[in-house]
Amino acid sequence: MSNYAILGAGGQARETADFADTLPDFLAVDLALAPSNPAFRTVSISEPSTSDRDVPVVAAIGAPGARRELVSRWPGHRYAKIISRHAYIAADVEIGPGCIVAPGSVIMTGVRLGPHTLVNAGATIGHGTILEEYATLGPGAHVGGDSHIGAGTYIALGAAVSHKIEIGAGAVVGAGAVVLENLAGGALYVGAPARRARSQEGWLHAL
């Protein structure tokens, strides 16, 4: 990948820059929150130059609500895809704009990734599964085949979702949880099997 930039400057942004084929042109952040010694050039997320806003970007932050906020604040309209060469992706997988696929992930045939989805290191997605926009798989999360993961859903580190499961928009599946039945959106689920723990107001904004 050449000529791209990253929205964000935290750990997810550093990881993404590390496994991309080339280094980003810049990081776009709130300048007041920019690292004191940034490894890359930083620009204002709200007021980039005309040339910077024409660079394709990805939003590299783990929480889907925060990722959507970054995208909404960026005045440009071009989005990159960052896909590690150390991921396995079947030939017919559909990957939307702004997606990030990390090393060690496995995405099987017939999968569709909506815009700005994030598949972290070692996550797997079974055949025919759909991840709607901004859905997020944490490191080592596993989703079985023919499942449907709603927009803004966050499936945390090491969680497992069985085959043919539907999870509603904005749900949060806790670390190590095991999902054996459909889950409504707007709630946090934990345990094995996963059970509703509490309501989730809006999409997850912080990990």
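Treat the numbers as computed from the prediction; the structure is a model and nothing was measured.

Thresholds applied
- Residues numbered from 1 in each chain as written.
- Predicted model: local features only at pLDDT ≥ 70, side-chain atom pairs only at ≥ 80, totals over all residues.
- Heavy atoms only, no water.
- Phe/Tyr/Trp six-rings, centres within 6.5 Å; stacked < 30°, edge-to-face > 60°.
- Helix = DSSP H or I, 4+ residues; strand = E, 2+ residues; numbered from the N terminus.
- Buried < 20%, exposed > 50% of the residue type's maximum accessible area, 1.4 Å probe, protein only.
- Lys NZ or Arg CZ within 6 Å of the ring centre and 35° of its normal.
- Core = buried A, V, L, I, M, F, W, Y, C linked by side-chain atoms within 4.5 Å.
- Contact = heavy atoms within 4.5 Å.

A.B. asks: Please explain the packing of aromatic side chains as it appears in this structure.
C.D. replies: For any pair of aromatic rings, geometry is given as the distance between the ring centres together with the angle between the planes. On inspection of all chains with the given rule, the structure shows two aromatic pairs. For the pair Phe26 and Trp74, a centre-to-centre distance of 6.1 Å together with 35° between the ring planes defines the contact as tilted. Within this pair, whereas Phe26 is found in the loop between helix H1 (11–19) and strand S2 (27–29), its partner Trp74 is found in the loop between helix H2 (64–73) and strand S5 (82–83), the two being separated by 48 residues in sequence. For the ring pair Tyr134 and Trp203, a centre distance of 5.8 Å and an interplane angle of 50° mean the geometry is tilted. In this pair, Tyr134 sits in the loop between strand S13 (130–131) and strand S14 (136–137) while Trp203 sits in the segment after strand S23 (195–199), placing the two residues 69 residues apart along the sequence. Residues Tyr134 and Trp203 agree in their burial class; the two are buried. Positioned over the ring face of Trp203 is Arg68, at 3.6 Å from the centre of the ring.

A.B. asks: Please explain the nonpolar core as it appears in this structure.
C.D. replies: Across soluble globular proteins, nonpolar side chains show a tendency to be buried alongside one another. Grouped together as the largest cluster of nonpolar side chains are 31 residues, with contacts concentrated most on Leu113, Ile125, Leu137, Ile155, Ile167 and Val173. Not counting residues within four places of it along the chain, the set of residues in contact with Leu137 comprises Leu118, Val119, Asn120, Ala123, Thr124, Ile125, Leu131, Val143 and Ile155. The next biggest cluster of nonpolar side chains, apart from the first, holds 15 residues, and it includes Leu7, Val43, Ile45 and Ala151.

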